[in-house]
Amino acid sequence: PVNGALATHHHLNREPVLHPASAPAAAAISGASTPASTSSPGPVSAEAYFASHVAPKSLPENAEKIRAFVDRHMHEGRRVVLVTSGGTTVPLETLTVRFIDNFSAGTRGATSAEYFLEQGYAVIFMHRQFSLQPYSRHYSHTKNCFLEFMEADEDGIHVMPTYVEKMRSILGKYRETQKAGTLLSLEFVTVHDYLFLLREAAQIISKMDVHAMYYLAAAVSDFFIPADKMAEHKIQSGDGLLNLSMDQVPKILKPLVNDWTPKAFIISFKLETDEALLPMKSRQALKRYGHQIVIGNLLTTRKRVVHLIDMEGESEIRLTAEEDEVQHIEIESRIVPELIQRHSEWIEACGKRGECG
Ligand code: 9Z3
């Protein structure tokens with residue numbers, strides 16, 4: 001679960017900017033022009049959330065894309081994985097000037113998507129707008145700007161010889177994926193977009209039964225301001241102080257597992273910063289939602305260590321210092337094959353559960 005830093009201006013601003021008066025979630029926004037909170041504590045149910053919020057405009061178009069994608073890959077006998085990736089924002093105003101964001105760059109999701117594609121899965125990559133994407137992530141704007149790899153001479157512009165080999169390999173996989181049509185990218189920005197899109201996707205993908213996997217790596221906001229309590233216009237600074245009161249984001253893993261897509265193989269991530277809390281919180285999530293695997297990770301070590309927790313027990317995937325710092329092995333190259341293996345077992349065992357159609 002993720003709370004965030006308060007950012008100003010529009011979604012292009014990827015660096016969270018701490019607002020001097022931002023307070024820990026405490027009170028809808030109270031300021032000169034905004035309504036005071038009347039919220040009661042505790043999360044609203046997913047059902048109540050969807051009933052009281054308007055779906056994003058892009059939803060029908062995205063649903064159509066998902067439907068066509070799923071039909072095609074079902075027909076061709078491919079498994080499908082829905083990967084969620086990147087952070088969600090929480091707007092403070094309907095005409096949004098400010099929003100709360102979190103740290104996630106989408107590395108986990110984008111990297112994992114590549115390994116799923118390599119293993120023959122069709123991937124629905126549901127990601128935060130402008131976060132990292134499969135393949136292009138190697139030449140993103142935050143590191144390794146692509147211009148660094150290029151040189152110009154009188155014949156034109158080329159990739160510098162030292163980078164050719166790596167780029168050829170990435171480009172090859174990228175083109176292969178494009179040709180096979182195995183990657184569908186869908187965007188969200190706010191936690192609201194995310195919730196609606198995930199529900200819609202799950203309801204469509206559910207026809208794949210056990211052949212669908214969910215890999216929920218997005219860093220989802222825990223708190224939000226409900227539509228009926230949100231200021232329409234830019235919050236004014238007149239009072240010199242900003243108090244925020246936020247509701248808890250509904251827990252959608254429960255309806256996902258029980259109602260939207262009951263036969264799928266579902267993996268959620270649990271993020272903590274306090275090492276002492278991680279095992280208990282991960283196990284609690286598994287029990288509470290009844291899905292298949294929780295992957296626990298800590299903010300500071302998430303690229304080197306993850307814990308896989310399921311009903312049978314716990315295992316760890318850990319890179320050695322040599323693998324991490326010298327060989328630059330990506331931990332997702334170990335996570336994804338392990339999950340695919342377990343997905344295969346899940347599919348095989350569906351007969352025993354009496355779930356095979
Ligand atoms: C994770 O724990 C991911 O591994 C990270 C990846 C967000 C840490 P990056 O994008 O980071 O590579 O920079 N994601 C899940 C976090 C989360 O919000 N989980 C929720 C929860 O624990 C809902 S499934 O309640």
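In the nomenclature of an unreviewed UniProt entry, the chain is known as DNA/pantothenate metabolism flavoprotein C-terminal domain-containing protein of Lunasporangiospora selenospora.

Chemist: Explain the packing of helix H3 (residues 107-118) against helix H9 (residues 332-348) to me, using residue names and the numbers behind them.
Modeler: In contact at an axis separation of 9 Å, H3 and H9 are set at 55 degrees when each is read in the N-to-C sense. In terms of axis orientation, H3 runs oblique to H9. As for the relative orientation of H3 and H9, their crossing is right-handed in sense. Listed contacts from H9 to Arg-108, Thr-111, Ser-112, Tyr-115 and Phe-116 of H3 are Glu-332, Ser-333, Ile-335 and Val-336. A per-class count over the contact of H3 with H9 returns four nonpolar, three polar and two charged.

Chemist: Lay out the packing of helix H2 (residues 59-75) against helix H5 (residues 191-205) in plain terms, naming residues and giving numbers.
Modeler: Describing two packed helices takes the angle between their axes plus the distance from one axis to the other. H5 packs onto H2 with a crossing angle of 30 degrees between their chain directions and a minimal axis gap of 10 Å. For the element pair H2 / H5, the angle class is roughly parallel. Read as a crossing pair, H2 and H5 show a hand that is right-handed. Side by side, H2 and H5 meet where Leu-59, Asn-62, Ala-63, Ile-66, Arg-67 and Val-70 of the first sit next to Phe-196, Leu-197, Glu-200, Ala-201, Ile-204 and Ile-205 of the second. Its residues placed into classes, the contact of H2 with H5 shows nine nonpolar, one polar and two charged.

Chemist: Which residues make up the site of the ligand, and what values go with them?
Modeler: Around the ligand, the structure places 17 residues, and the nearest of them are Ser-104, Thr-107, Arg-108, Phe-269 and Leu-271. When contributions to the shell around the ligand are tallied by element, the ones reaching two or more residues are H3 and strand E12 (265-272). Broken down by element, the residue count for the shell around the ligand peaks at four residues, all from E12. Partitioned by chemical class, the residues of the shell around the ligand number nine nonpolar, five polar and three charged.

Chemist: Describe the nonpolar core, naming the residues involved and giving the relevant values.
Modeler: With 81 residues, the main nonpolar core has Val-80, Leu-82, Val-83, Val-123, Ile-124 and Ala-201 as its most contacted residues. If we skip the residues at most four places from it in the chain, Leu-82 touches Ile-124, Met-126, Ala-201, Ile-205, Tyr-214 and Tyr-215.

Chemist: For the sheet that holds strand E13 (residues 293-298), give the residues involved together with the corresponding values.
Modeler: Taken in spatial order, the eight strands make up an open sheet running E8-E5-E2-E9-E12-E13-E14-E15, and their pairing is mixed. Edge positions in the sheet fall to strand E8 (183-188) and strand E15 (313-318), since each has one partner strand and no second. Each neighbouring strand pair of the sheet contributes to a mean axis angle of 15 degrees, computed without reference to strand direction. Pairing geometry for E12 and E13, over six bridges, is parallel.

Definitions and limits used
All residue numbers here refer to positions counted from 1 along the written sequence of the relevant chain. Restriction of local features to residues with pLDDT of at least 70 applies here, the model being predicted, together with a cutoff of 80 or more for giving and counting side-chain atom pairs; totals for whole chains, interfaces and linings are based on all residues. Orientation is described by lines fitted to C-alpha atoms, with helices fitted over the stretch in contact, and by angles between N-to-C directions that extend from 0 to 180 degrees. Numbered from the N terminus, helices here are DSSP runs of H or I no shorter than four residues, and strands are runs of E no shorter than two. If an angle is under 35 degrees, it is roughly parallel; if it is over 145, roughly antiparallel; if it lies from 65 to 115, roughly perpendicular; otherwise it is oblique. Left-handed is the label given to a crossing in which the near helix is rotated counterclockwise from the far helix by less than a right angle, and right-handed is the label when the rotation is clockwise. Working definition of a contact: two residues with C-beta atoms, positioned from the backbone, lying within 7 Å. Amino acid classes used here: Ala, Val, Leu, Ile, Met, Phe, Trp, Tyr, Cys and Pro are nonpolar; Asp, Glu, Lys and Arg are charged; the rest, including Gly, are polar. To decide nearness, the C-beta atom of each residue is placed from the backbone, and the residue is near a molecule or strand if that atom lies within 6 Å of it. To count as a nonpolar core, a set of buried Ala, Val, Leu, Ile, Met, Phe, Trp, Tyr and Cys residues must be joined through C-beta atoms within 7 Å. Using C-beta atoms placed from the backbone, we call a residue buried if 20 or more other C-beta atoms fall within 10 Å of its own, exposed if 12 or fewer do, and partly exposed for counts in between. Strands are labelled as partners when DSSP assigns at least two bridges between them.

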